[in-house]
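Geometric and topological summary
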Amino acid sequence: MALFGSNRDISLFRHVNRELMGNVISQQCVFYKHNLGKTEVNMYGEATEGRFFHNPVLLYTLVERQDQSYQESDLGINFAWNITFKFLRDDLVDADVVPEVGDIIMYQEGYYEVDSTNSNQFFVGKNPDYPFTDDNGNNPLNPGLEGFGYNVSIICNTHYVPADKLNITRERL
Amino acid sequence: MANIPIWNGTSTFYPGDTPFGFYDNDYEFQQDADKVAKFCASRLGYPISEIELQSGSFYTAFEEAVTVYGNELYAYKVRDNMLSFEGLSTGSALNNSIITPTMDSIVRMSEQYGEEAGVGGNVDYNLGFITLESGIQDYDLADWAVSQSITGGIEIKRVFYQEAPAIDELYSPYAGLGAGFGFDAQAAALGSIGLGYGPGLNFLLMPLSYDMQTIQAIEMSNQVRQANYSFQLINNKLRLFPIPTDADVADGGYRQYLWFEYINKEDRTNSAITDGATKVTNESNVPFNNPTYSSINSVGRSWVFEYTLALSKEMLGNIRNKYSTVPIPGAEVQLNGADLVAQGQTSKEALITRLREYFDSTSRQALLERRQAESAARQSEIGQVPMQIYIG
């Protein structure tokens, strides 16, 4: 049996994370999950009729902002702002949200489309979702390994999207 | 997703919530347990910050604090009274006993000196004798002990080998011939001081000092003018002076046997041990139980609360210190576990020191010294009052 990173330890980390993100840092964003069922696409896979999203979910996050940039092109000046949103994976599990490319995050009245997601921050290098168990549910080399390790975060790299390109209207938030 | 609950601000104590349950049935302990938990959590920062402890953690610390308080208290009592406790029956607890010092242990400790001085003690003196032989000056008493089947060796305490008492010669009806040795001495002694009387045949009423002087004269004469009866004893080998003669050791003779007192060395070694079953033999079996929480006064309880806080702080520090860093999304943070452990340990040491100083300042010795100082100060103060002048 592994010794470090048990469920109890992870529970402590979870408490610390939620206290830190919820009570100390307290940065929030609104997550709009793409509703693929309602979004109609043409033969090229383009959502010509507009994009539809599930109801928004308010989440604590750690925000890493890059500098805003203003790029000139033949069409004028573009506004660009890339932001990285770092979520505690347990919060997403509780909210039943799986971030994917194309989802929208609202932050400071701006909308940011997810370009990529990363979920590779594992405590003691173990992801408890892959315990290599046999038919009896035990790891043959290390029984109980599924109770160790921690998949800490999901990190979303995003870019700014003008609001008029989205089918999102702020109603309650 | 296992989620271990942490302190949420409230708790309800039930008997059985502490590891040992020493005080669980004490009503006041039950009442204070939840208050102490709240006190400690608040002092640790709740509700501003989360406290990764449970109510059981606080109860555990609380129980330990009361136990440590009792340990310190009764250890102090033992320190102060061990001489009186040693040998006491372990039958009943002493928690509520008033202890009156006794001399028992002092007397017991002094027995060794009495034994060496031959005036008491705890080792038997045995009597033995050897038969002297004419012309033999040296006698090995160790060999004698072996011949008597005495194991472990003997130590000679006293040898009865000396001249006949001078008084024997003084009152001899044979004017010094009675013991066979006194005549010359007596005649010489008395002759030397020119009295002309037989020493024991004087029927005049003489002062006692006369008899004393005569006895001393006989003794000195025996010592100086005759072979002094003496011996040398080294490593249980006895050398006699003078060498016994045929007349000395003749059957029924005055020195046919030489008597001596001795102890078995094993007896002295064994005298150090007394069966102490059911008796207090050391600090560990002085019959003190855990204290009764409801009997601890507010001074003591205040200490208990502070010590509970120190323990809680240390416990929380250990929890936060298991991993030096804790992962957060995309980064790591360092918790204050090490600081908490250090603070907790420092607080514990300070509290223990404070408690011991408090107890030591109320020891019997300290109280008597204080009383003595008070008395001296009082007398000095009274001495400042001007003396009245009496005019008769």
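In case you missed it, the structure is sitting above this.
The notes below deal with the structure included here. This structure is a prediction, so every number in the text was calculated from the model and none was measured. Residue indices begin from 1 for each chain and proceed along its sequence in written order. Here chains are named by letter from A upward and ligands by number from 1 upward, in the order in which they appear as written. For this predicted model, a pLDDT threshold of at least 70 governs which residues receive local features, and a threshold of 80 or more governs which side-chain atom pairs are given and counted, while totals over whole chains, interfaces and linings are taken from all residues. Only heavy atoms go into the side-chain values, all of them from the structure, while hydrogens and water stay out.

Things to note about the overall build of chain A
The cut-off we apply is this: A run of DSSP states H or I qualifies as a helix once it reaches four residues; a run of E qualifies as a strand once it reaches two. Both are numbered from the N-terminal end. Note on method: radius of gyration uses C-alpha positions; expected globular size equals 2.2 Å times residues raised to 0.38. For each residue, the accessible area found with a 1.4 Å probe, counting protein chains only, is set against the maximum for its type, and the residue is called buried under 20%, exposed over 50%, and partly exposed in between. Any two residues whose heavy atoms approach within 4.5 Å at even a single point are treated as in contact. In short, Shrake-Rupley with a 1.4 Å probe defines the accessible areas, and a residue's cover is counted only from the protein chains shown. Residues scored as charged are limited to Lys and Arg (positive) and Asp and Glu (negative), so that His and the chain ends carry no count. Where a charge lies is defined by one atom per residue type: Lys uses NZ, Arg uses CZ, Asp uses CG and Glu uses CD.
The helix and strand tally for chain A stands at two helices and 11 strands. Written out in order from the N terminus, the α and β elements of chain A read α-β-β-β-β-β-β-α-β-β-β-β-β. Rg of the C-alpha trace for chain A: 20 Å, well past the compact-globule value of 16 Å for 173 residues, more than 25% over. A total of 173 residues make up chain A; the buried ones form 43% of that total. When contacts within chain A are restricted to residue pairs at least 6 apart in sequence, long-range pairs at least 24 apart make up 69% of them. Carbon and sulfur atoms form 48% of the exposed surface of chain A, whose accessible area is close to 10200 Å². Once the 13 positive and 24 negative side-chain charges of chain A are each reduced to a mean point, those two points are 6 Å apart.

Remarks on the sheet that holds strand β3 (residues 154-160) of chain B
All names here are of chain B. Inclusion rule: Two strands form a pair only when DSSP identifies at least two bridges running between them. Helix axes are fitted to C-alpha atoms over the stretch in contact, other axes to C-alpha atoms as well, and angles between N-to-C directions run from 0 to 180 degrees.
Strand order across the open sheet formed by three strands is β1-β6-β3, with antiparallel pairing between neighbours. With one partner strand each, in any of the chains shown, β1 (126-131) and β3 form the two edges of the open sheet. Strand-to-strand twist in this sheet, taken as the mean axis angle between neighbours without regard to direction, amounts to 35°.

Some words on the nonpolar core
Residues and elements named next belong to chain B. Filter applied, for reference: Put simply, a nonpolar core is a bunch of buried Ala, Val, Leu, Ile, Met, Phe, Trp, Tyr and Cys residues held in one set by side-chain atoms that sit within 4.5 Å of each other.
One finds F58, F62, V66, W303 and Y307 to be the most contacted residues of the largest nonpolar core, which totals 35 residues. Sequence-distant contacts of Y307, that is, excluding residues within four places in its chain, are made with A65, V68, K348, L351 and I352. Residues I150, I154, V159 and F260 belong to the second largest nonpolar core, which totals 18 residues.

A short note on the interface of chain B and chain A
Definition in use: Two parts placed together each lose some accessible area; with a 1.4 Å probe, that loss summed over both constitutes the buried area. Salt bridges are defined as contacts in which a side-chain nitrogen from Lys or Arg sits within 4 Å of a carboxyl oxygen from Asp or Glu. Any N or O atom pair separated by 3.5 Å or less is treated as a polar contact, with the protein-specific requirement of one donor-capable and one acceptor-capable atom, and with residues adjacent in sequence counted only for side-chain atom pairs. Under the scheme applied, nonpolar residues are Ala, Val, Leu, Ile, Met, Phe, Trp, Tyr, Cys and Pro; charged residues are Asp, Glu, Lys and Arg; polar residues are all the others, including Gly.
In this assembly, 20 residues from chain B lie in contact with 28 residues from chain A. Between chain B and chain A the total buried area reaches about 2100 Å² when both faces are included, carbon and sulfur atoms providing 66% of it. The interface formed by chain B and chain A contains one salt bridge. In this structure, K322 of chain B and D9 of chain A form a salt bridge, with 2.9 Å as the shortest nitrogen-oxygen distance. Joining chain B to chain A, the criterion identifies 11 residue pairs in polar contact (both at pLDDT 80 or more). Mapped by element, the contributors of at least two residues to the side of chain B that touches chain A are β7 (325-328) and β8 (331-334) of chain B. Of the residues forming the side of chain B that touches chain A, the biggest block, three residues, is contributed by β7 of chain B. Tallied by class, the residues present in the side of chain B that touches chain A amount to 14 nonpolar, three polar and three charged.

What about the pairing of strand β7 (residues 104-107) of chain A?
All names here are of chain A. Here β7 shows two buried faces, one formed by I104 and M106 and the other by I105 and Y107. Across three bridges, the pairing between strand β1 (residues 28-32) and β7 is antiparallel. Looking at the pairing, Y32 lines up with I104 of β7. With four bridges connecting them, β7 and strand β8 (residues 110-118) associate as antiparallel partners. Pairing of Y107 across the sheet is with G110, part of β8.

Observations concerning the pattern of salt bridges
Residues and elements named next belong to chain B. Throughout the structure, instances matching the rule amount to 26 salt bridges over all chains. The partner of R320 in a salt bridge is E52, with the nearest N and O atoms 2.7 Å apart. Remark: E52 occurs in the loop between α1 (27-44) and α2 (55-85) and R320 occurs in helix α10 (residues 298-320); sequence separation between them is 268 residues. Here R320 matches E52 in class, with each residue buried. A salt bridge links R268 to E115, with the nearest nitrogen and oxygen atoms 3.9 Å apart. With R268 in helix α9 (residues 265-270) and E115 in helix α3 (residues 104-117), this residue pair connects regions lying 153 residues apart in the sequence. Owing to a relative accessible area of 25%, R268 belongs among the partly exposed residues under this scheme. Under the relative-accessibility criterion, E115 is labelled buried at 3%. A network of salt bridges, in which partner residues are shared, links E115, E116, E155, K157 and R268.

Concerning α3 of chain B
Residues and elements named next belong to chain B. Applied cut-off: Here the expected span of a helix is defined as 1.5 Å times the quantity of residues minus one.
Given a rise of 1.5 Å per residue, 14 residues ought to cover 20 Å, and the 20 Å separating the end C-alpha atoms of α3 matches this to within 8%. Regarding α3, the residues found buried are S105, G114 and E115. Those residues of α3 that are buried lie in contact with α2, β3, β6 (257-264) and α9. Immediately beyond the C-terminal end of α3, within one or two residues, lies G118, with a positive phi of roughly 70°.

Notes on the sheet that holds strand β4 (residues 230-234) of chain B
Residues and elements named next belong to chain B. The sheet built from three strands is open, its strands ordered β2-β5-β4 with antiparallel pairing. A single partner strand is all that each edge strand has here, and the edge strands are β2 (138-140) and β4. On average, adjacent strands in this sheet sit at an angle of 20° to one another, irrespective of strand direction. Examined bridge by bridge, β2 and strand β5 (residues 237-241) share three bridges and lie antiparallel to one another.

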